[in-house]
Amino acid sequence: MASSSGNDDDLTIPRAAINKMIKETLPNVRVANDARELVVNCCTEFIHLISSEANEICNKSEKKTISPEHVIQALESLGFGSYISEVKEVLQECKTVALKRRKANSRLENLGIPEEELLRQQQELFAKARQQQAELAQQEWLQMQQAAQQAQLAAASASASNQAGSSQDEEDDDDI
């Protein structure tokens, strides 16, 4: 068995995935933890068995990548031929989903705008954003300068009124 080696113990299907499959398949049945663990181990062993056989078939056909056809041939050679029709249906569904994803990713290509034009528009937007940021920074700087000038004027005014008040006090003192 493949799971008897030390490294293969780490290579298992996540228990949460198995639990979800069990609940979806058998919603009204309670399954003991030992049975769940057994299902995980069986699934892992099945995957190892199929992938090893598919790898051998791949090597015999002098290919470097295991293809779906290699997996289907592995199922047949291991005596799981009854699963092949379902496997082909799932494979077709996967291809359909992958095609939809590729179409969604190529929406940009389907806009009909050349890449150079899109790049030019992007650079233009960046330039506008930089200009707006510079204008905002300039406004903030001017506001800070105005606030500093007002503070200086207020300080100068307060200082002048303090001086005027103290010289008035001196005059009042002189009158006494």
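Named according to an unreviewed UniProt entry, the protein chain is Protein Dr1 originating from Octodon degus.

A.B. asks: Any chance you could explain the nonpolar core here in plain terms?
C.D. replies: Within soluble globular proteins, side chains that are nonpolar generally end up buried alongside one another. Residues Ile50, Ala54, Ile57, Ile72, Ala74, Leu75 and Ile84 constitute the largest nonpolar core, which totals seven residues. Put simply, the parts of the chain that give this core at least two residues each are α2 (33–60) and α3 (68–77). Ala74 has contacts with Ile50, Glu53, Ala54 and Ile57, leaving out every residue within four places of it along the chain.

A.B. asks: In this structure, what is going on with the confidence of the model for the protein chain? I would like to understand it.
C.D. replies: Should pLDDT be low for a region, the predicted coordinates there are not to be read in detail. Chain-level statistics for the protein chain give a pLDDT mean of 86 and a share of 83% at 70 or above. Within the protein chain, the lowest mean pLDDT, 85, falls on helix α5 (residues 115–175), and the highest, 96, falls on α3. In the model, residues 1–6 has pLDDT below 50 throughout and makes seven contacts with residues more than four positions away in sequence or in other chains.

A.B. asks: Please clarify how the side chain of Thr44 should be interpreted in this entry.
C.D. replies: On the secondary structure map, Thr44 appears in helix α2. In contact with Thr44, other than residues within four places in its own chain, are Leu11, Thr12 and Ile13.

A.B. asks: Got a minute to help me understand the packing of helix α1 (residues 15–25) against α2 in this structure?
C.D. replies: Each packed pair of helices is defined by two parameters, the angle between the axes and the distance between the axes. One can describe the packing of α1 onto α2 by two numbers: an axis separation of 10 Å at closest approach and a directional angle of 110°. Between α1 and α2, the crossing angle belongs to the class labelled roughly perpendicular. Of α2, the residues touching α1 (which contributes Arg15, Ile18, Asn19 and Ile22) are Arg36, Glu37, Val39, Val40 and Cys43. Of the residues belonging to the contact of α1 with α2, the class tally is five nonpolar, one polar and three charged.

A.B. asks: When you look at a nonpolar patch on the surface in this model, what are you seeing that I'm missing?
C.D. replies: A contiguous nonpolar surface patch, about 340 Å² in accessible area, is contributed by Trp141, Leu142 and Met144. Tracing the sequence through the fold places Leu142 in helix α5.

A.B. asks: Just to check I follow, could you spell out the packing of aromatic side chains for this structure?
C.D. replies: Geometry of an aromatic ring pair is reported as the spacing of the ring centres plus the angle between the planes. What the rule picks out here adds up to two aromatic pairs. Aromatic side chains Phe46 and Phe80 sit 5.1 Å apart centroid to centroid with 85° between the ring planes, which places their arrangement in the edge-to-face category. Remark: Phe80 occurs in the loop between α3 and α4 (84–105) and Phe46 occurs in helix α2; sequence separation between them is 34 residues. Of the residues examined, Phe46 reaches a relative accessible area of 33% and is grouped as partly exposed. Assessed through its relative accessible area of 22%, Phe80 is described here as partly exposed. Centre to centre, the rings of Phe80 and Tyr83 are 6.0 Å apart; their planes meet at 45°, and the pair counts as tilted. What links up through ring pairs into an aromatic cluster is the set Phe46, Phe80 and Tyr83.

Reading guide: rules and limits
Sequence order sets the numbering: in each chain, residues are counted from 1 along the sequence as written. Only residues with pLDDT of 70 or above have their local features reported here, since the model is predicted, and side-chain atom pairs are shown and tallied only from 80 upward, although totals for entire chains, interfaces and linings are computed over all residues. Note: side-chain values were computed over all heavy atoms of the structure, leaving out hydrogens and water. By nonpolar core we mean a set of buried residues, namely Ala, Val, Leu, Ile, Met, Phe, Trp, Tyr and Cys, connected to one another through side-chain atoms within 4.5 Å. The classification of residues rests on relative accessible area computed with a 1.4 Å probe and restricted to protein chains. Under 20% of the type maximum is buried, over 50% is exposed, and intermediate values are partly exposed. Secondary structure follows DSSP: runs of H or I at least 4 residues long count as helices, runs of E at least 2 residues long count as strands, and numbering of each begins at the N terminus. Between two residues, a contact is recorded if the distance between any of their heavy atoms is within 4.5 Å. On a range of 0 to 100, pLDDT expresses the predictor's confidence in each residue. Interaxial angle, 0 to 180 degrees, is taken between N-to-C directions of lines fitted to C-alpha atoms, where a helix line uses only the stretch in contact. Convention used here: angles under 35 degrees read as roughly parallel, angles over 145 as roughly antiparallel, angles from 65 to 115 as roughly perpendicular, and any remaining angle as oblique. For this classification, the nonpolar set comprises Ala, Val, Leu, Ile, Met, Phe, Trp, Tyr, Cys and Pro, the charged set comprises Asp, Glu, Lys and Arg, and every other residue, Gly included, is treated as polar. Each patch is built from residues that are more than 30% exposed by relative accessible area and take part in no salt bridge. Like charges join if they lie within 9 Å; nonpolar side chains (Val, Leu, Ile, Met, Phe, Trp, Tyr) join within 5 Å. All accessible-area figures derive from a Shrake-Rupley calculation using a 1.4 Å probe, and residue coverage is judged against the displayed protein chains alone. Salt bridges are defined by distance alone: a side-chain nitrogen of Lys or Arg within 4 Å of a carboxyl oxygen of Asp or Glu. Aromatic rings from Phe, Tyr and Trp, taking only the six-membered ring of Trp, are treated as a pair when their centres fall within 6.5 Å; an angle between ring planes under 30 degrees marks them as stacked, one over 60 as edge-to-face, and anything in between as tilted.

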